[in-house]
Amino acid sequence: MTTLSDPPKGGFRVSILINDTRYRSYTFQFIALIALIAAFAYLGSNLLANLRAAGLNISYKFLSEPAGYDINQRLIEYTSQSTHFRAAIVGILNTLLVAVVACFFATVIGIFVGVLRLSNNWLVNKLMGVYVEIFRNVPVLIWILIIMAVFVAVLPQPREFRGDDATASMFLDLFAFTGRGFYFPRPYFAAEWATGAIGWLTIIALLIASFFGARALAKSAAATQEATGDRPTTWYFTLAIWFVPLIAACVIMGLTWELPELKGFNFRGGIYARNSFIALTFALSIYTAAFIAENVRAGILAISTGQTEAAASLGLRPGRIMNLVILPQALRVIIPPLISQYLNITKNSSLAIAVGYMDVTGTLGGITLNQTGRAIETVLLLMAFYLIISLSISAVMNVYNNSVKLKER
Amino acid sequence: MKKSVFFGAMTVAALAAGAAAAGTLDDVKARGKLNCGVTTGLVGFAAPDANGEWQGFDVGVCRAVAAAVLGDPSAVEFVPTTGKTRFTALASGEIDMLARNTTWTFSRDVDLKFEFVGVNYYDGQGFMVPKALGVSSAKELDGATVCIQTGTTTELNLADYFRTNNISYEPVPIETNAEAQPLYLEGACDVYTTDASGLAATRAAFENPGDHVVLPEIISKEPLGPLVRHGDSEWGDVVRWSLNALIAAEELGVTSANIADMGAAAGDNPEINRLLGTEGTLGAMLGLSADWAKNAIMAGGNYGEIFEKNIGENTPIGLSRGLNAQWTDGGLLYVPPFR
Amino acid sequence: MTDTNTTPVAFVRDAMLAQKTPPVTNAGIVGWINKNLFPNPFASIGNAFSCLLTLVSLLIIYKIVAGALPWFANGVWDTPSLAACREVLQGVTGGCFSVLTERWNQLLFGFKYPSEEYWRPTLAFIGLFFAAAPVLFSKLPRKMLWFTAVYPFLAFWLIWGGTILVPVMVAVGFIVGYFVFAHFEKQSFAMGLIGSVVAAVVVWSFAGYITDPLSGVLALEPVPSRDMGGFMLNFILGVVCVSLSIPIGILLALGRQSDMPIIKGICVVFIEFIRGVPLITLLFVANVVLAYFLPPGTTFDLILRVIIMITMFSAAYIAEVIRGGLAALPNGQYEAGGSLGLDYAQNMRLIILPQALKISIPGIVNVAVGLFKDTTLVSVISMFDLVGMIRGPILASTEWNGVYWELFGSAVVLFFIVCYGISQYSQWLERQLATGHR
């Protein structure tokens, strides 16, 4: 029996590679590397053999060929003569659109429900609990399908708006809620030079200018307060800075509203939110909101009551306790799971295919795959897209986590 | 092929392995079952009935091939495929043949490397609208919302047709026929477009078929037929001539009623004799038994009988023969001679 | 304190007053309502808001009940088709639940599982409870774990049929592998592992010669996996994939924690890749791509390809849960194990993993619930699970075209029962484990 202090015996034996802790990790890593390379080589050779047998090849040329199919919801110019690549871009934009809108609504509903779940009101508390449990415990695919089916079945179709004995009518003559989607009035600029993007860019530039103006005003007010102890009343200036240029610009550029109107088979004009878009957004929002509500609740509960009491004993008002003491701490608990819920929404938006919403899974991973038969290429591109999205989101999350990390000294 | 129990267990769960070198015909014979790709459900063409038995026109072709190869029309494994999965399923060998009203096109034949063995139904893309809309021509469909089955040629035809006629439309892509029906019935789309036969089948499943009309325009040629993988001509021949045998049987007046008599002994008509194996060695040339065609025809009758039973005028689907009549009756069915 | 007792006082109560009942508004049901539902709205804005919320909630509940009650009360349970059902209802609001009585077998077992064999999956389902119980509840007698060990083979035999010798021989392979492992383990863990794998593979290869001629022994009618469907398919996918992914997840988590850069790199890339893509793209891989990566000539059935992909998917998530469990253990545990002279494998197996797994169970259960819900996604790739059955054969049939609420409602109920049950268990377990931490 050797003692621990004995130096390792000299000389090389094969067993040294496994038994000696100095070499063991190299041995294992070497084996793992070999196994990995072997696995990839095996899969790759299978792939090549299969492709050769089928007479196919891996090629991304199809991306520059005309797609040949139409897409109903396009945020950029697209016709059936555009390329498959452009179709994929249209799909990507649609995915991002539905993800962003769903994240927004899920956050709003989630916070609302999460706070109400902590309410002293027994009925509200229980009702929200039932909501959370029902939505969390049933697959989101079922919710998407139910909401789509109900949406189509319950809301009136355009044909019911038609004729003299129409059974449905537009809301205030401005909005049309149909089984095919919602139609809203669309603002646009009538002035010749401001049509299209220029008008909207002007508005955005004005808003940015107003933002800085309002900040400068607040700064100067704060400086006055520091100097004299009195804060000048500035709220009407702030309002003016925000709204006067905006309204002036709208009047000059001739802001008008295009109203939806029943023409032929469909409503025309206005902004059209498709039923598939609404069903998907709605289903993703309320499903994810149930999870976010739980995160919010956990975040608020995680702050011990001592914090509230300590803040109160310092003389802070309840509103300031919430803003300055509770929320900053609760957000540290809430935001990381919130961001991973955003990631989930983005990934779950790929279920769009179940309701025919043309997201990237529908265009690139759906019709393009079907029409070109390029399964491997399209699925790889599809995965790469989602991977980029989720890696960027986790990068954002890491930056945030580092910035709010408890500074331990 | 001996396998370990471990793989044996996986086989039961899943696996059907065959030697890579062997042809599909040998694989099918060894397996004792034909794997036939069909739709996930289109009444009249391929749909499981209440007992889970697959029924329909395409199913009839599968059964005929199974009967020709294995002598048993029930030795078929029906693999439901969607527009997306059908080609991969065939290319990867999961199915031996695809009988899923698939249109024969250049790119599918040449670029996707498949072999269409014939046409079992001459079809064309049509439009169905509710009568209440008062539309009488596809040209009046400007601005309409159109439900289309995605992953099919109809999608491309539609884009072409509306573009050349300078009509705007709103496409609503749907994965399967089953999902399209409720959307159309509830009015989420004004028009449903697919192959005219599919429209008839869909309409037949409605509660009030009379409330819907199929517009007169047929905007494309859709020759539907079974297909197999490129590069296995023996197997392609088996499927092609099984289909041809069904069509020839109708032309020659061989039916499921009289085939037992006709096949028992050589008769007067030499072509019937060759077809039914009482004369010549056509079966052996294909690598099948002499009575292969007899089995195929007995599986569900000749082409006409399968047609009438599943989609003919006396069924709810009610398709007339039209282009799918024998050439002697003014149709397009014209099989090469059995000689 | 002043000396109060010395001076006489005018009145001293010498007996306690009887306790008064609290005011009506504070006690009993009225008090409860006042406190919890309708606090005095004039006292504060918060109270007024609370009253408003109560009224809104009551309105919502009334709407739901008023909508659903007649629908249930007038429900029709015995018509052969939707048209017949509507005829019976004659315009009255009511559910056509007859679709459930007509097609319950398709919803639960798919449309191809032979109906005279329904007892087999049912039995396997009941067995699942007995097999899972000792794992989930540590108070149950440990002897029940024997059944848990036997269960996978039994369930396989029951569901897929065939001769019982196949699962028996697989089990024998495992047992032989274990004995070889136990024998060699004294020399080296790695040697034991390699030896056991070799021994098991040898047993399995030779077992093929035994089972092939004896394929009739205790044989149930074999059911190909293509014939599985309905809720049963969701269950099979969920249970199989979660059980398979736990060992893989443990390995991945250990790999990610390890200080060997190559192994760590492989694990990190795998986990982050899988977690970064939606399950549906992995199912597309199973559906349309995976076949190209298999040896030419072999074809796996779709269900096996799907099981492979879902297992990889859940393994990545479970690995992250277990990594959390490993990270939660105090460093002293690792060091204490090391100072006792245990090597890495022993330390992990005897000290670290038992503790880490125990605190990971709630997280694993949550992943399992999520995964079970995600099994419905297979309907998108034309598999007939519960959702696939509803969207495909049932809604497309002439008889039941247009029955949404009843069908989707039943799917919601089925999934809710299972997932809510499991998540309640996980919360209970968390409470059990939480003792002493606060």
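Parameters at a glance
- Residues numbered from 1 in each chain as written.
- Chains lettered and ligands numbered in written order.
- Predicted model: local features only at pLDDT ≥ 70, side-chain atom pairs only at ≥ 80, totals over all residues.
- Heavy atoms only, no water.
- Pairing = 2+ DSSP bridges.
- Helix = DSSP H or I, 4+ residues; strand = E, 2+ residues; numbered from the N terminus.
- Axes fitted to C-alpha atoms, helices over the stretch in contact; angles between N-to-C directions.
- Contact = heavy atoms within 4.5 Å.
- Disulfide = S-S within 2.5 Å.
- Domains from an automatic or database assignment.
- Buried < 20%, exposed > 50% of the residue type's maximum accessible area, 1.4 Å probe, protein only.
- Polar contact = N/O pair within 3.5 Å; in protein donor to acceptor, adjacent residues only side chain to side chain.
- pLDDT = per-residue confidence, 0-100.
- Buried area = accessible area lost by both parts, 1.4 Å probe.
- Salt bridge = Lys/Arg side-chain N within 4 Å of Asp/Glu carboxyl O.

Two strands in a sheet stick together by hydrogen bonds in their backbones, pointing the same way (parallel) or opposite ways (antiparallel). Residue and element names in this part refer to chain B. With respect to topology, five strands assemble into an open sheet ordered β11-β10-β12-β9-β13, the strand pairing being mixed. The two strands at the open ends of the sheet, each matched to only one other strand, are β11 (169-174) and β13 (212-214). On average, each strand axis in the sheet is inclined to that of its neighbour by 25°, with strand direction left out of account. Note that strand β10 (residues 144-149) and β11 share six bridges and pair parallel. Looking at β11, one finds that C147 is bridged to V172. The strands that helix α8 (residues 196-204) touches are β9 (125-130), β12 (191-195) and β13; relative to β12, the one it contacts most, it runs at about 125°.

This part covers the state of the cysteines. Each disulfide consists of one covalent bond between the sulfur atoms belonging to two cysteines. All names here are of chain B. Tallying each qualifying case throughout the model produces three disulfides over all chains. Paired by a disulfide, C36 and C62 hold their sulfur atoms 2.0 Å apart. Disulfide C36 to C62: torsion about the S-S bond roughly -50°, handedness left-handed. With C36 in strand β2 (residues 34-39) and C62 in helix α3 (residues 57-70), this pair connects stretches of sequence that are 26 residues apart.

Residue and element names in this part refer to chain A. The strand order β1-β2-β7 describes an open sheet built from three strands, whose pairing is antiparallel. With partners counted over all chains shown, the strands left at the sheet margins are β1 (176-178) and β7 (271-274), one partner each. Ignoring which end each strand starts from, the neighbouring axes of this sheet average 10° apart. Bridge count between strand β2 (residues 181-184) and β7: four bridges; the pairing is antiparallel. Paired with F182 across the bridge in β7 is A273. Against the sheet, helix α8 (residues 275-302) engages β2 and β7, with an angle of about 60° to β7.

A few words now on the domain arrangement of chain A. In terms of domains, chain A is made up of domain 1 (16-54) and domain 2 (84-123 + 273-404). Here the C-alpha centre of domain 2 of chain A lies 39 Å away from the C-alpha centre of domain 1 of chain A.

On to the side chain of T24 of chain B. Residues and elements named next belong to chain B. Within the secondary structure layout, T24 lies in helix α2 (residues 24-31). Looking at T24, the relative accessible area reads 6%, which means it is buried. A distance of 2.5 Å separates the side chain of T24 from the side chain of D232, its partner in a polar contact. Ignoring sequence-local partners within four residues, the contact set of T24 consists of D96, R229, D232 and W235.

What follows covers the confidence of the model for chain C. Residue and element names in this part refer to chain C. When pLDDT is averaged along chain C, the result is 84; 96% of the residues meet or exceed 70. In the model of chain C, strand β1 (residues 298-299) stands out as the element of lowest mean pLDDT, 69, in contrast to helix α9 (residues 230-257), which has the highest, 91. Model confidence for the complex is summarised by a pTM of 0.85, with the ipTM given as 0.86.

Counting from both sides, the interface comprises 37 residues of chain A and, opposite them, 35 residues of chain B. Both sides of the chain A and chain B interface together cover about 2,800 Å² of buried area, and 50% of this is carbon and sulfur. For chain A, the biggest contributors to the area lost against chain B are F265, N370 and Q371 of chain A; these three give 24% of the whole. Counting across the interface, chain A meets chain B through two salt bridges. Ionic pairing is found between E170 of chain B and R274 of chain A, a salt bridge with its closest N-O pair at 2.4 Å. Taken together, the connections running from chain A to chain B amount to nine residue pairs in polar contact (both at pLDDT 80 or more). Sorting the residues of the side of chain A that touches chain B by element identifies α5 (140-154), β6 (266-268), β7 and α11 (360-372) of chain A as the ones contributing at least two each. The element contributing the most residues to the side of chain A that touches chain B is α11 of chain A, with seven residues.

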